[in-house]
Amino acid sequence: MPDFQSWLSEHQQRFEEVLRQLLPPADIVPQRLHAAMRYSVLDGGKRVRPLLAFAAGELAGANLNRVNFAAAAVELIHAYSLVHDDMPCMDDDVLRRGKATCHVEFDEATALLVGDALQSQAFQLLSEHQLSDDVAKQLQMVKLLAVASGSRGMAGGQAIDLASVGKQLTLPELEQMHIHKTGALIRAAVLLGTYCGNLTQAQLDKLDRYGKCIGLAFQVVDDVLDSEADTATLGKTAGKDAYNDKPTYVTLLGVAEARRMANELHHEALESLKEFGSKARRLNELADFIVMRKF
Ligand code: GRG
């Protein structure tokens, strides 16, 4: 079995090609929109969510071709959220994944449409390819991604985030915001990977717990990195949370306590994988990767 680093780069490279094939070519009408979609999705990002879907799919004995579509759907939603988040009406940023943000490279109207079109394409992928032998289960997958990305998931979390600027949140309030804004899509990535295969409800519940813990841990680490790492390492503007006067785990708890919380969530995520033994190896390694990452 390849070591984690080889597994990671093999999947990252393979998945890049999958995305390249799935996105509309830049030479078909409307060319500018298609070019901007490709610019925003390709050649960048750690692909954490797709990797979680691949690892969960491996555990569930899923067909890799099916997981490719589910992973791509999640990554397109993630890319849309980044494009919209960077726009002047939201976070107003100029740097993403080490390059100019979409609205800077193209224009605001194009960036808005890129987000819209990526979101639609995500649901197109989930509905036009066979992802499960059971159609009812596939329909559940469409609903799962819709809920995770909508007003009771990522978009809702973003709305709470925007409304919390300059405010003091309690720890439970901050947790609720992040469970929605960042955690919901990460959790959905794990579940969609497993839905492409076959697991019992009890096993799905364990993986759901893993997804929830690692999704929140991801955000706690993101808050720490935003306060500690530099812009060149992150590939996005560092220190934005403090600059925007946003409540974070670091402002609420301090770096040491935020790190301790991330470690606790990490531990809980690994506990949920115990019964799967070596089948959960990649999910274990990804949990380590998420908590120990430097960007
Ligand atoms: C606009 C509806 C809407 C939602 C935006 C996710 C989000 C909600 C905004 C992104 C802002 C942000 C920096 C959130 C913190 C966590 C996060 C999602 C970081 C970026 O994810 P990574 O590190 O990025 O996985 P890469 O570039 O590696 O894919």
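Higher on the page you've got the structure.
One structure accompanies this document, and this report is about it.

### As for the site of the ligand
Inference 1: The ligand sits among 19 residues. The nearest are Lys46, Arg49, His78, Asp85 and Arg97.
Inference 2: The separation between an oxygen atom of the ligand and a polar side-chain atom of Arg49 is 2.8 Å.
Inference 3: Here an oxygen atom of the ligand sits 2.8 Å away from a polar atom, N or O, in the side chain of Arg97.
Inference 4: Against a free-state accessible area of 690 Å², the protein chains account for coverage of 92% of the ligand.
Inference 5: Comparing atom positions with the cavity grids shows the ligand to sit within the largest pocket.
Inference 6: Mapped onto the shell around the ligand, the elements with two or more residues apiece are helix H4 (64-85), helix H8 (154-163), helix H9 (171-195) and helix H10 (201-228).
Inference 7: Looking at which element gives the most residues to the shell around the ligand, the answer is H4, with 6 residues.

### Comments concerning the layout of surface pockets
Inference 1: If you add up the space inside the largest pocket, you get close to 1000 Å³.
Inference 2: Lining the largest pocket are 47 residues; nearest its centre among them are Leu82, Asp85, Arg96, Asp222 and Lys236.
Inference 3: If you list the elements that add at least two residues to the lining of the largest pocket, you get helix H3 (48-59), H4, strand S1 (95-96), H8, H9, H10 and helix H12 (240-243).
Inference 4: By residue number, the principal contributor to the lining of the largest pocket is H4, which donates 7 residues.
Inference 5: Counted as a void, the second largest pocket has a volume near 230 Å³.
Inference 6: Leu144, Val147, Ala148, Ala184 and Arg187 are, among the 13 residues lining the second largest pocket, the residues nearest its centre.

### Digging into the packing of aromatic side chains
Inference 1: Scanning all chains against the criterion turns up 4 aromatic pairs.
Inference 2: Ring centres of Tyr39 and Phe106 lie 5.5 Å apart, and the angle between their planes is 70 degrees; this geometry places the pair in the edge-to-face category. Residue Tyr39 is found in helix H2 (residues 31-41), and its partner Phe106 is found in the loop between helix H5 (102-105) and helix H6 (108-128); the two are separated by 67 residues along the sequence.
Inference 3: For Tyr39, a relative accessible area of 18% corresponds to the buried category.
Inference 4: In this structure an aromatic cluster arises from ring pairing among Phe4, Trp7 and Phe289.
Inference 5: Residue placement shows Arg14 over the ring face of Phe54; its charged tip is 4.7 Å from the ring centre.
Inference 6: Positioned above the aromatic ring of Phe218 is the side chain of Arg293, whose terminal nitrogen or guanidinium carbon lies 4.0 Å from the ring centre.

### Side note on the side chain of Thr194
Inference 1: Mapped onto the fold, Thr194 is located in helix H9.
Inference 2: Each residue touching Thr194, except ones within four places of it in the same chain, is listed here: Ala56, Gly57, Ala60, Leu199, Leu204 and Leu207.

### Details of H6
Inference 1: For H6, which comprises 21 residues, the first-to-last C-alpha distance of 30 Å matches the rise-based estimate of 30 Å (1.5 Å per residue) to within 8%.
Inference 2: Of all the positions in H6, only Thr110, Ala111, Val114, Gly115, Leu118, Gln121, Ala122, Phe123, Leu125 and Leu126 are classed as buried.
Inference 3: Among the structural elements, helix H1 (4-22), H2, H4, H5 and helix H7 (135-149) are those in contact with the buried residues of H6.

### A short note on the side chain of His84
Inference 1: Its place among the elements puts His84 in helix H4.
Inference 2: Taking the relative accessible area as the measure of exposure, His84 reaches 13% and is therefore buried.
Inference 3: Excluding residues that lie within four positions of it along the chain, His84 makes contacts with Met90, Ala111, Leu112, Gly115 and Asp116.

About the cut-offs
- Residues numbered from 1 in each chain as written.
- Predicted model: local features only at pLDDT ≥ 70, side-chain atom pairs only at ≥ 80, totals over all residues.
- Heavy atoms only, no water.
- Near = heavy atom within 4 Å.
- Polar contact = N/O pair within 3.5 Å; in protein donor to acceptor, adjacent residues only side chain to side chain.
- Areas by Shrake-Rupley, 256 points an atom, 1.4 Å probe, with all protein chains shown as cover.
- 1 Å grid on protein atoms, 1.4 Å probe; cavity = no way out; pocket = protein on both sides within 12 Å on 5 of 7 lines; lining within 4 Å.
- Sits in = over half its atoms within 2 Å of the grid points.
- Helix = DSSP H or I, 4+ residues; strand = E, 2+ residues; numbered from the N terminus.
- Points joined across faces, edges and corners; volume = space filled by probe spheres on them.
- Phe/Tyr/Trp six-rings, centres within 6.5 Å; stacked < 30°, edge-to-face > 60°.
- Buried < 20%, exposed > 50% of the residue type's maximum accessible area, 1.4 Å probe, protein only.
- Lys NZ or Arg CZ within 6 Å of the ring centre and 35° of its normal.
- Contact = heavy atoms within 4.5 Å.
- Expected span 1.5 Å × (residues − 1).

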